[in-house]
Amino acid sequence: MKKEKSVTKKTPDKTITDKKPAAQKNNKTSEIEHFPIVGIGASAGGLEALEQFFKNMPENSGMAFVIIQHLDPNHVGIMPELIQRVTKMKIIHVSDRLKIRPDSVYVIPPNKSMSILNGSLHLFDPVEIRGLRLPIDYFFRSLAEDRLENSIGIILSGMGSDGSLGLKAIKEKAGLALVQDPESAKFDSMPRSAIESVMADIIAPANELPEKLLAIARLPLRKISNIELEKDTSSLEKIILLLRSHTGNDFSQYKKNTLYRRIERRMGIHQISKIGTYVRYLQENSAETDILFKELLIGVTSFFRDDAVWDNLRDIVLPGMFAEFPHGYVLRAWIPACSTGEEAYSLAIIFKEAIEKTKLNKNLSIQIFATDLDTGAIEQARKGLYPSNIVSDVSANRLSRFFVKVDDQFRVNAEIREMVVFAPQNVIKDPPFTKLDILSCRNMLIYMDTPLQKKLLALFHYSLNPGGVLLLGNAETNGDQKDLFTIIDSKLRIFKSVGTPKTEELFNFPSSFSTSRLHLTQNPDPIKIPDNLQTLTDQIVLQKFSPASVLVTGQGDILYITGNTGKYLTPSAGKASMNIFSMAREGLRNLLPAAFRKAGQNYEKVTLHNVKIGTNGGTQIADITIQQIESPSALKGKIIVVFNDLPAEKPRRSKSKTIDTSDTIIVEELKLELRRTHEELQSTREEMQTSQEELKSTNEELQSSNEELQSTNEELTTSKEEMQSLNEELHTVNAELLSKVDDSARVNNDMTNLLNSDEIATLFLDKKLNIRQFTPSATKIFKLIQSDIGRVFTDLVTVLNYPEISSDGEEVLRTLMFKEKEVTTIDGRWFIVRIMPYRTIDDKIDGLVITFIEITKPKTLEFALKDTLTMLSSLIYSVRGVVLGLSSDGKVIEFNPQAEKLFGKKRNEVIGNKYTDMFIPEQLRGKVEAELKNLIAGEFSDRFENIVLNAHGNEIKVEWSAHKLYNEAGIITGIITIGENITPPLGS
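Rules and cut-offs
Residues numbered from 1 in each chain as written. Predicted model: local features only at pLDDT ≥ 70, side-chain atom pairs only at ≥ 80, totals over all residues. Heavy atoms only, no water. Buried < 20%, exposed > 50% of the residue type's maximum accessible area, 1.4 Å probe, protein only. Helix = DSSP H or I, 4+ residues; strand = E, 2+ residues; numbered from the N terminus. Axes fitted to C-alpha atoms, helices over the stretch in contact; angles between N-to-C directions. Parallel < 35°, antiparallel > 145°, perpendicular 65-115°, else oblique. Left-handed = near helix turned anticlockwise from the far one by under 90°. Contact = heavy atoms within 4.5 Å. Nonpolar A, V, L, I, M, F, W, Y, C, P; charged D, E, K, R; others polar. Pairing = 2+ DSSP bridges. Phe/Tyr/Trp six-rings, centres within 6.5 Å; stacked < 30°, edge-to-face > 60°. Lys NZ or Arg CZ within 6 Å of the ring centre and 35° of its normal. Salt bridge = Lys/Arg side-chain N within 4 Å of Asp/Glu carboxyl O. Polar contact = N/O pair within 3.5 Å; in protein donor to acceptor, adjacent residues only side chain to side chain.

Enquirer: Describe in detail helix α3 (residues 46-55), supporting the description with residues and values.
Expert: Most of α3 is tucked away, with 7 of its 10 residues classed as buried. Listed in full, the buried residues belonging to α3 are G46, L47, A49, L50, E51, F53 and F54.

Written as structure tokens, this is what we have:
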């Protein structure tokens, strides 16, 4: 829909005949606008990896590259200049709202966070002043949302775990995740963290990543049509069968588009173009089946995902539920598809905050059941250990209160972890949890077909208590199950369970859980028995009961017996045991555990009515009363069990006929037995959960000791984080500076060779005219040695005849205008001395540069030329004939005194003027100009005649002899002519 909307804006209304071309044009535009964008995250050691990557990436890949690196906030990086040396792509330093174009590289500026929206980069000031910053995660998440399957994330060398959560987001949107091989990285923390957090598509050295990335890009993701799905149905079903046989999980009811998209991505990685070929590949490679299974699970989650949902839950939904619950109520919550547990722990934290906010004195608690298909994710969730980059999702207050720092990771503390029970479960085929108050299933249903969604929603309704809360993902709805749920908040996808289904549907889920025997016969710790035990027990029995009774501990160990209990208890075979659970007779044995559990919760009596107990060859019906003792204090916590015999029921007879009620009695007994069996099953479940919690609690207590010791190092750990971050930034700066030093050394060598090759003597002076540096040629002018650096240069012995050089230097420093003079030396050499200000790169004056260019040879030639010119001038002036010199464009360049007499004009009047305009009659000018062109071109005889005009307008006939003038290159530049007046005398 988004593409169609943009097309509508750009394309005017067309007639029916030109719809097809318009569509083609729009598709082409769409492809250009949706080119892949590659986000590259790097930190310490990343400069070398980036150079290797871009050195092997062609300039016309059709992708855009955005580099996110940990930079010193106060240092202007030179990353663009360094990368520009190894690639022909344009390197751009990002500015706010910069539009991304393909075949370009964009580099984040220092002290900024960056995100992308509609293909434009946006810069933000980071919230953190220093310490743990996560600019890579921040950008990768926005890239995933903006580019979807066209998003590509690459993690290179670096310290910490930045980028791992961002790669998860990219994978969730069917993008590509590439990671540098940790073995090839200078610092492997970031690559290893990424590999542990997400199923990377490609793991390779930095120089090999471009080739592998381009190989995948050659098989771009396409919009899958229904025709293609139908065509590939057979292959798709074969893949589902292979997954089911290999993993035991059925994906047949998942959305075919989602399955096809993930399969096509794996095909692209292996350069497989046909799905049938991929089926064969799966058959031959079980490891690929495991990878595809992991890909299809899409185990992406984070703490407090969609903040508004959790805020609403804490501030509105939970407080409303608390008001309806009685004192001591235990809320039950279930989170299917919990992945690595972030959402389950988020719910526990939100519950804790909601309890504190409402300040209700009801002693409410919560039991959260979190399940997932991925056993590896469940194991990770049970550990409750998460990387340091969760700081981007968890506030500092929550981190300090609900987490404990362990090295470079955070562990959920015991208070929160004991609220959650994790277990592997397939929600499609395994039994659900029931009697729930909260069920959170966010972003799981979107991957399933509509029939399965409908089925699971009905199952969730069955699992929830009336009024229970259902949380769905932001892209999910309750579909056509509106009769089962009402809307609490439609925007946040929060619903309440109401009503019953219109039609009772039977679910094909197993109806029983696996159970394990309760270890109630373990040897308890030695129990201290009061001396007056008999007296106290007799007193209680006399006051409250008269039948046979047994005083036991909470674990069922018998302390004292009154009356005849042989009808109810009998020693068990094997090792002698005085435990009521092992001694109880048939009919009583299965009922005691649940009754004991109820009695142990408070001091109220628990009565079992009409219990049918098997005796030696017969049965005994009795009421069993069980109660925890509150006083006297010596027996507090102990449990008294009292047996009340009931007479056997006699069948009633009427006067007219006898009615046989045996069938009715059997039915009633079966109902009673069924109810007791159900209670026993429920008790067994609860006891199993209690046992698990007790084991977990024991483990938590052991860990809490370690956590308390570790908490003393929190301040040091914080300092360590800041030092690590600073170290990363300094390492990046150091790498850039090392590269710059290499460049400077190379440039310095070039400059040294340049100065040495042209033999220009140069002095570099500071503002105080002290010598900063000099070239070897300067030692021929000044008596310089290396130790003279730092001395005032005027203190040195020099061969220059230039005493004012010091004052001229000071004047240049004052006026910033360079000076240039020609000076001589005492041994007769000539130099051009040029004094210029020394300017730094940032345009500051920091001294002087004095260069000495030897011009002895040119000067000698100049003097010789002057002498020659003087001789020529004398020769010209001594000639008795008319001497006239013309340039190549016909202008007068020489005019001797004889010419002045002949033409009647002074030399300064004619030099530089055109010869034909001044001295040739108008009717003859064209002819003479043509002759002059021939003469200058070299096509002339030594002698020729022409008519000229003098200053008085008289015509004079002159005979000329011409000679060529050449420049240094041997090219004719003019002529020199010598003329003689041959005009006949008047009257001849």
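Next comes the rest of the account.
Enquirer: Give me the lowdown on the packing of helix α11 (residues 256-269) against helix α13 (residues 286-297), citing residues and values where you can.
Expert: Packing of α11 against α13 brings their axes to within 10 Å, and their N-to-C directions diverge by 135 degrees. It follows that α11 is oblique to α13 by the angle criterion. Viewed along their axes, α11 and α13 form a crossing whose handedness is right-handed. Contacts from L259, R262, I263 and R266 of α11 reach α13 at E288, I291, L292, E295 and L296. Partitioning the contact of α11 with α13 into residue classes produces 5 nonpolar, no polar and 4 charged.

Enquirer: Account for the sheet that holds strand β15 (residues 409-412), naming residues and giving values.
Expert: Within a sheet, each strand pairs with its neighbour through backbone hydrogen bonds, oriented either parallel or antiparallel. Ordered by their spatial adjacency, 3 strands build an open sheet running β13-β15-β14, and the pairing between neighbours is antiparallel. Here the strands that pair on one side only, and so sit at the sheet edges, are β13 (385-387) and β14 (403-406). In this sheet, adjacent strand axes meet at a mean angle of 35 degrees when their direction is disregarded. Pairing of β13 with β15 involves 3 bridges; the strand directions are antiparallel. Residue pairing in the sheet places L385 in a bridge with R411 of β15.

Enquirer: An account of the sheet that holds strand β1 (residues 37-42) is needed here, citing residue identities and associated values.
Expert: Pairing within the open sheet is parallel, and its 7 strands lie in the order β3-β5-β2-β1-β8-β9-β10. Only two strands of the sheet have a single neighbouring strand rather than two, namely β3 (90-93) and β10 (202-204). Within this sheet the neighbouring strands show an average axis-to-axis angle of 20 degrees, counted without direction. Summarising the sheet, strand β8 (residues 151-155) and strand β9 (residues 176-180) pair through 4 bridges and their orientation is parallel. If you follow G153 over to β9, its bridge partner there is A177. Each of β1, β2 (64-69) and β8 touches helix α5 (residues 135-147); the most contacted strand, β1, lies at about 170 degrees to it. Sitting on the sheet, helix α6 (residues 164-172) is in contact with β8 and β9, with an inclination near 150 degrees to β8.

Enquirer: Break down the pairing of strand β34 (residues 955-966) for me, citing the residues and quoting the values.
Expert: Direction of pairing for strand β33 (residues 943-949) relative to β34: antiparallel, over a ladder of 7 bridges. Bridge pairing links F944 to W960 in β34. Following β33, the chain reverses through 5 residues before pairing antiparallel with β34; G953 in that reversal takes a positive phi of roughly 85 degrees. Judged from the 9 bridges that link them, β34 and strand β35 (residues 972-981) form a sheet pairing that is antiparallel. Each residue of the ladder has a partner; that of K964, found in β35, is I975.

Enquirer: Mind laying out the packing of aromatic side chains, listing which residues take part and the relevant values?
Expert: Note on aromatic pairs: each is described by the distance of the centres and the angle between the planes. Throughout the structure, instances matching the rule amount to 25 aromatic pairs. A ring pair is formed by F369 and F433, whose centres lie 4.5 Å apart and whose planes are at 15 degrees; its orientation type is stacked. Residue F369 is found in strand β12 (residues 365-372), and its partner F433 is found in the loop between β16 (420-424) and β17 (436-441); the two are separated by 64 residues along the sequence. We note that F369, like F433, is buried. Here F903 and F919 contribute two aromatic rings whose centre-to-centre distance is 4.3 Å and whose plane-to-plane angle is 40 degrees, an arrangement assigned as tilted. Here F919 lies in helix α29 (residues 915-919) and F903 lies in helix α27 (residues 897-903), a separation of 16 residues in the sequence. Counting every residue linked through ring pairs, the aromatic cluster contains F303, F304, W310, Y345, Y386, F403 and F422. Above the ring of W830, the side-chain terminus of K859 is found at 4.8 Å from the ring centroid.

Enquirer: Tell me about the pattern of salt bridges, residues and numbers included.
Expert: By the definition in use, this model includes 35 salt bridges. We note a salt bridge from E288 to R266, for which the minimum N-O separation is 3.0 Å. Note that E288 is positioned in helix α13 and R266 in helix α11, a separation of 22 residues in sequence. Side by side, E288 and R266 carry an identical accessibility label, which is buried. Put simply, D311, R314, D315, E353, K357 and R398 are held in one network by salt bridges that share partners.

Enquirer: Please give an account of the environment of G467 that cites residues and values.
Expert: Structurally, G467 can be placed in strand β18 (residues 464-472). Its relative accessible area of 33% is what places G467 among the partly exposed residues. With 30 residues separating them in the primary sequence, G467 and D437 have C-alpha atoms 7.6 Å apart. If we ignore the near neighbours within four places in the chain, the residues touching G467 are K496 and S497.

Enquirer: So, unusual backbone geometry: which residues are in play, and what are the values?
Expert: Most peptide bonds are trans, and most residues other than glycine sit at a negative phi. Omega for the peptide link from S631 to P632 comes to 5 degrees, which places this bond in the cis form. Tracing the backbone shows P632 in the loop between β24 (618-628) and β25 (639-646). Residue R97 is not a glycine yet carries a positive backbone phi of 65 degrees. Looking at where R97 falls in the secondary structure, it is placed in the loop between β3 and β4 (98-99). A residue is classified by how much of its surface remains accessible, and R97, at 65% relative accessible area, is exposed. Positive phi, normally seen in glycine, also occurs at L769, with a value near 65 degrees. Considering the arrangement of structural elements, one finds L769 in the loop between β26 (761-765) and β27 (771-774).

Enquirer: If you had to explain the pairing of strand β23 (residues 606-615) to someone new, which residues and values would you point to?
Expert: Of the strand pairs in this sheet, β23 and β24 are connected by 8 bridges, and their pairing is antiparallel. When the sheet's bridge partners are listed, T615 is paired in β24 with G618. Linking β23 back to β24 in an antiparallel pair, the connection comprises 2 residues, with G617 at a positive phi of about 85 degrees.

Enquirer: How would you explain the side chain of R266 if you had to name every residue and give the values?
Expert: A residue is classified by how much of its surface remains accessible, and R266, at 3% relative accessible area, is buried. Within the local environment of R266, its side chain forms a polar contact with the side chain of E288, the two groups lying 3.0 Å apart. When residues no more than four places from it in sequence are discounted, the contact partners of R266 are D201, Y278, E288, I291, L292 and E295.

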